[in-house]
Amino acid sequence: MQPIEKLMRTAPVIPVLAIDDIADARPIAQTLVANGLRVLEVVLRTEAALDVVREMRKVDGAIVGAGTITNPDNLDAALLAGAEFIVSPGLTEDLGKAVLSAKIPFLPGIASASDIMRGMDMGFRHFKFFPAEASGGIPSLKALSGPFGQCLFCPTGGINAKNAVDWLALKNVLCVGGSWLVPKGSPDLDLIGNTARTASAMKGHAE
């Protein structure tokens, strides 16, 4: 099993985290981990993101990666911050080569058959289907399972507490990514804990 697949099988949902205040990083990570979600994707969409990665890495049991990686410079910054895996919204040759050279678990974003073929040419078999709902939703990913049955996916984008189980039921889906677990603004840790506990108990085809 490839390292990225092991991460994808750790929990049914990977929280997608855009955190503005570094002071929120450790409490949020502790709450998510304590309620069954250990794999955390911190997206580089805030000024605090790299510091958030560093802080969350200090939490026992957390596996912290960086998302919204779009080029080798982003990758280098994420690696310096201690990211344990990398997620991108798409895939370019430059980024793919840089990730392969870094030997770090990688989940490249795809939205079409051509994207998948490009990734497979580089040796990748595990992908983030993004933006999932806007790219045709469940029917689209079901259709892609025919010619690309050897590939496994983490749909992200438009996934929520109501539709996550439907995505997880697909045979080519190991987990989903979701931003609904930690809403923007001052964190309500009790709410985050309850939401995470529900998400960690979701069942899917990968079970």
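As a reminder, the structure under discussion sits directly above these lines.
These figures come from a predicted structure and were not determined experimentally.

How should the pairing of strand E3 (residues 63–67) be read in this particular structure?
Successive residues of a regular strand alternate their side chains across the two faces of the sheet. The element E3 is extensively covered by neighbouring structure, given that five of its five residues are classed as buried. A two-sided burial pattern is seen for E3, the buried positions comprising Ile63, Gly65 and Gly67 on one face and Val64 and Ala66 on the other. As paired elements, strand E2 (residues 39–43) and E3 share five bridges and run parallel to each other. By the bridge assignment, Val42 is partnered in E3 with Ala66. Of the crossover connections in this fold, the one passing from E2 over helix H3 (residues 49–56) to the parallel E3 is right-handed.

I'm lost on the nonpolar core in this one. Help?
Where a protein is soluble and globular, its nonpolar side chains tend to be buried together. Membership of the largest hydrophobic core comes to 60 residues, with the highest contact counts inside it found for Leu32, Met56, Ile86 and Ile116. Top contributing element to this core by residue count: helix H2 (residues 25–34), with five residues. Leaving out residues up to four positions away in the same chain, Ile116 has contacts with Ile110, Phe127, Leu144, Phe148, Cys151 and Phe153. Core analysis: the next-biggest nonpolar cluster, separate from the first, contains 13 residues, Ile4, Leu7, Met8 and Phe85 among them.

How do you make sense of the layout of surface pockets when you look at a structure like this?
In this approach a probe as big as a water molecule rolls over the atoms, and the regions it shows empty are the leftover space. Estimates place the volume of the largest pocket at around 330 Å³. Counting only elements with at least two residues in the lining of the largest pocket, the list comes to strand E1 (13–17), E2 and strand E9 (176–178). Of the residues in the lining of the largest pocket, the class split is eleven nonpolar, eight polar and seven charged. Of the volumes computed, that of the second largest pocket is approximately 230 Å³. Around the second largest pocket, the lining is made up of 13 residues, and of these Gln2, Ile104, Pro105, Phe106 and Phe124 lie nearest the centre. Within the residue set of the lining of the second largest pocket, elements represented by two or more residues are helix H1 (3–8) and helix H5 (93–102).

I would appreciate a short explanation of helix H7 (residues 137–144) in the present structure.
Because the α-helix completes a turn every 3.6 residues, residues three or four places apart line up on one side. Within H7 the residues assigned to the buried category are Gly137, Ser140, Leu141 and Leu144. Down the axis of H7, the smallest arc covering the buried residues is 90°, so these residues share one side. Turned more than 90 degrees off the buried face of H7, the exposed positions are Pro139, Lys142 and Ala143. If you follow the buried residues of H7, they end up packed against helix H6 (113–121), strand E7 (126–129), strand E8 (152–155) and helix H8 (164–168).

Even after reading the chapter, I still don't get the packing of aromatic side chains, so can you show me in this structure?
Ring pairs (aromatic) are described by centroid distance and by the angle formed between their planes. This model, assessed by the stated rule, comprises three aromatic pairs. Considering the side-chain rings of Phe106 and Phe124, the 5.3 Å spacing of their centres and the 75° angle between planes classify their relative orientation as edge-to-face. On the criterion of sequence distance, the pair formed by Phe106 in strand E5 (residues 106–107) and Phe124 in the loop between H6 and E7 is long-range, its members being 18 residues apart. For the pair shown, Phe106 and Phe124 are each scored as buried. Seen from their ring centres, Phe129 and Trp167 are 6.2 Å apart, and the 50° between their planes marks the pair as tilted. Placement of the pair is Phe129 in strand E7 and Trp167 in helix H8, with a sequence separation of 38 residues. Exposure remark for Phe129: the relative accessible area of 0% places this residue in the buried category. In this structure, Lys128 is placed above the aromatic ring of Phe130, and the distance from its NZ or CZ to the ring centre is 4.4 Å.

How should I be thinking about the sheet that holds E7 in this particular structure?
One key point about sheets: their strands pair by backbone hydrogen bonds, in either a parallel or an antiparallel sense. Sheet architecture is open: three strands sit in the order E6-E7-E8, paired in parallel fashion. Edge positions in the sheet fall to strand E6 (109–110) and E8, since each has one partner strand and no second. Relative to E7, E6 is paired through two bridges, and the arrangement is parallel. Considered in E7, the bridge of Ile110 is made with Phe129. The strands touched by H6 within the sheet are E6, E7 and E8, with E7 carrying the most contacts at an inclination of about 155°. Along the sheet, H7 makes contact with E7 and E8, crossing E7 at roughly 155°.

Reading guide: rules and limits
- Residues numbered from 1 in each chain as written.
- Predicted model: local features only at pLDDT ≥ 70, side-chain atom pairs only at ≥ 80, totals over all residues.
- Heavy atoms only, no water.
- Buried < 20%, exposed > 50% of the residue type's maximum accessible area, 1.4 Å probe, protein only.
- Helix = DSSP H or I, 4+ residues; strand = E, 2+ residues; numbered from the N terminus.
- Pairing = 2+ DSSP bridges.
- Right-handed = clockwise from strand over helix to strand, strands pointing away.
- Core = buried A, V, L, I, M, F, W, Y, C linked by side-chain atoms within 4.5 Å.
- Contact = heavy atoms within 4.5 Å.
- 1 Å grid on protein atoms, 1.4 Å probe; cavity = no way out; pocket = protein on both sides within 12 Å on 5 of 7 lines; lining within 4 Å.
- Points joined across faces, edges and corners; volume = space filled by probe spheres on them.
- Nonpolar A, V, L, I, M, F, W, Y, C, P; charged D, E, K, R; others polar.
- Arc of directions from axis to C-beta.
- Phe/Tyr/Trp six-rings, centres within 6.5 Å; stacked < 30°, edge-to-face > 60°.
- Lys NZ or Arg CZ within 6 Å of the ring centre and 35° of its normal.
- Axes fitted to C-alpha atoms, helices over the stretch in contact; angles between N-to-C directions.

Keep in mind these values describe shape, not function.
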